[in-house]
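# Chain and residue survey
Spelled out from the first residue to the last, the chains are:
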Amino acid sequence: MTDIVVLGSTNMDLVAYVEKAPRRGETVTGREFRTVPGGKGANQAVAAAHAGGTVSLIGAVGDDAFGGRLRSTLEHSGVSTDHLRTVEGPSGTAHIVVDDEGGNAIVVVPGANGTVDRLAPGDEGLIASADALLLQLEIPLAAVVAGARTARAHGVRTILTPAPAQPLPPDLFDATDLLVPNEHEATTLTGRTDPLQAAVALLEVVPEVVVTLGESGVLYAARGQEPVSVPAPRVTAVDSTGAGDTFAGALAVALGEERPVREALAWAAAAASLSVQRPGASASMPHRTEIDAWYAS
């Protein structure tokens with residue numbers, strides 16, 4: 001099995017389902033509200049665990065009711081929380097509006113995630129023992145850089161999802177093996193709106209890039225190789241929240257199993273396509289048997 005460590009955020013997603021998202025100054029009536037454990041770090045951890053990886057999460061939750069539920073959900077999903085610390089104050093929250101087309105808008109309030117600004121004792125050893133380290137940007141950047149540098153020092157593959165979109169320092173690029181932005185994030189990093197042009201530009205700072213394109217699939221580029229495009233299965237989206245994290249988690253497992261790149265991308269895309277057909281983030285993430293069956297079909 002692939003050993004994966006995730007360094008990242010854990011949030012409670014507060015999700016409102018509406019026909020159409022409100023414009024500024026507008027009030028709309030929702031048809032449903034749910035509280036769903038999430039956060040990009042936790043989502044990727046659950047996705048990787050469901051996909052068959054052995055997964056540990058480094059992060060923090062608050063000492064509130066959300067914190068206990070977040071920890072319990074991770075453990076029931078097969079994620080080790082030995083390095084998930086509990087701090088005083090509220091857990092992180094994400095306030096999400098999902099429309100009837102499956103699109104979403106999200107406001108993240110960091111809470112306890114903001115305290116994860118460095119590696120804690122024992123974190124380096126955990127990272128050093130992994131096959132891959134998954135990173136995102138919902139915790140302080142200093143911790144993300146420290147994690148990436150630690151992974152690089154121990155020869156561990158680093159996979160970075162640059163979300164929320166923001167400019168990144170050169171030392172983080174230097175310690176990143178595989179960058180997995182969506183179209184918007186790729187544009188933010190490069191100023192290029194064309195995904196292929198953005199991917200080629202990103203190869204100047206990282207050796208491999210996967211640009212996720214939603215219903216259009218994914219684009220892979222690596223130094224010295226021809227780009228690879230993989231289409232997404234055609235499905236009716238119910239909620240796209242967490243689809244990118246599902247893809248990243250499943251991709252880390254597939255690459256850890258040394259699958260060919262095109263097969264790994266298609267398998268991860270199958271996992272993401274299953275997730276968008278269900279509501280919620282971590283609650284929508286498919287298990288390995290489901291991914292295998294969907295991929296085979």
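If you check an unreviewed UniProt entry, the protein chain appears there as Ribokinase from Streptomyces longwoodensis. What the UniProt record of the protein chain gives under Subcellular location (unreviewed entry) is the line "Cytoplasm". You can read under Function (unreviewed entry) in the UniProt record for the protein chain the words "Catalyzes the phosphorylation of ribose at O-5 in a reaction requiring ATP and magnesium. The resulting D-ribose-5-phosphate can then be used either for sythesis of nucleotides, histidine, and tryptophan, or as a component of the pentose phosphate pathway."

In this section: the pattern of salt bridges. Enumeration according to the criterion identifies 14 salt bridges in this entry. For Arg-23, the salt bridge goes to Glu-26, with nearest N and O atoms at 3.9 Å. Among the residues examined, Arg-23 registers a relative accessible area of 56% and is labelled exposed. Here Arg-288 ties to Glu-257 by a salt bridge, and the two come within 2.9 Å at their closest N and O atoms. Here Glu-257 lies in the loop between α8 (243-256) and α9 (261-275) and Arg-288 lies in helix α10 (residues 288-296), a separation of 31 residues in the sequence. On the basis of relative accessible area, Arg-288 is assigned to the partly exposed category, the value being 26%. When salt bridges that share partners are traced, they join Glu-257, Arg-259, Glu-263, Arg-288 and Asp-292 into one network.

Using the residue numbers shown here, the UniProt feature "binding site: K(+)" (unreviewed entry) corresponds to Asp-239, Thr-241, Ser-275, Arg-278, Gly-280 and Ser-284. With residues up to four places along the chain from it excluded, the contact list for Ser-275 reads Asp-239, Ala-243, Thr-246, Ser-284 and Pro-286. Within polar-contact distance, the side chain of Ser-275 engages the backbone oxygen of Ala-272 at 2.7 Å. Assignment of secondary structure puts Arg-278 in the loop between α9 and α10. On the basis of relative accessible area, Arg-278 is assigned to the partly exposed category, the value being 25%. With residues near it in sequence (within four places) discarded, Arg-278 still touches Val-238, Asp-239, Ser-284, Met-285, Pro-286 and Glu-290.

Conventions we followed
Residues numbered from 1 in each chain as written. Predicted model: local features only at pLDDT ≥ 70, side-chain atom pairs only at ≥ 80, totals over all residues. Heavy atoms only, no water. UniProt positions renumbered as here; feature names shortened; annotations may be inferred. Salt bridge = Lys/Arg side-chain N within 4 Å of Asp/Glu carboxyl O. Buried < 20%, exposed > 50% of the residue type's maximum accessible area, 1.4 Å probe, protein only. Helix = DSSP H or I, 4+ residues; strand = E, 2+ residues; numbered from the N terminus. Contact = heavy atoms within 4.5 Å. Polar contact = N/O pair within 3.5 Å; in protein donor to acceptor, adjacent residues only side chain to side chain.

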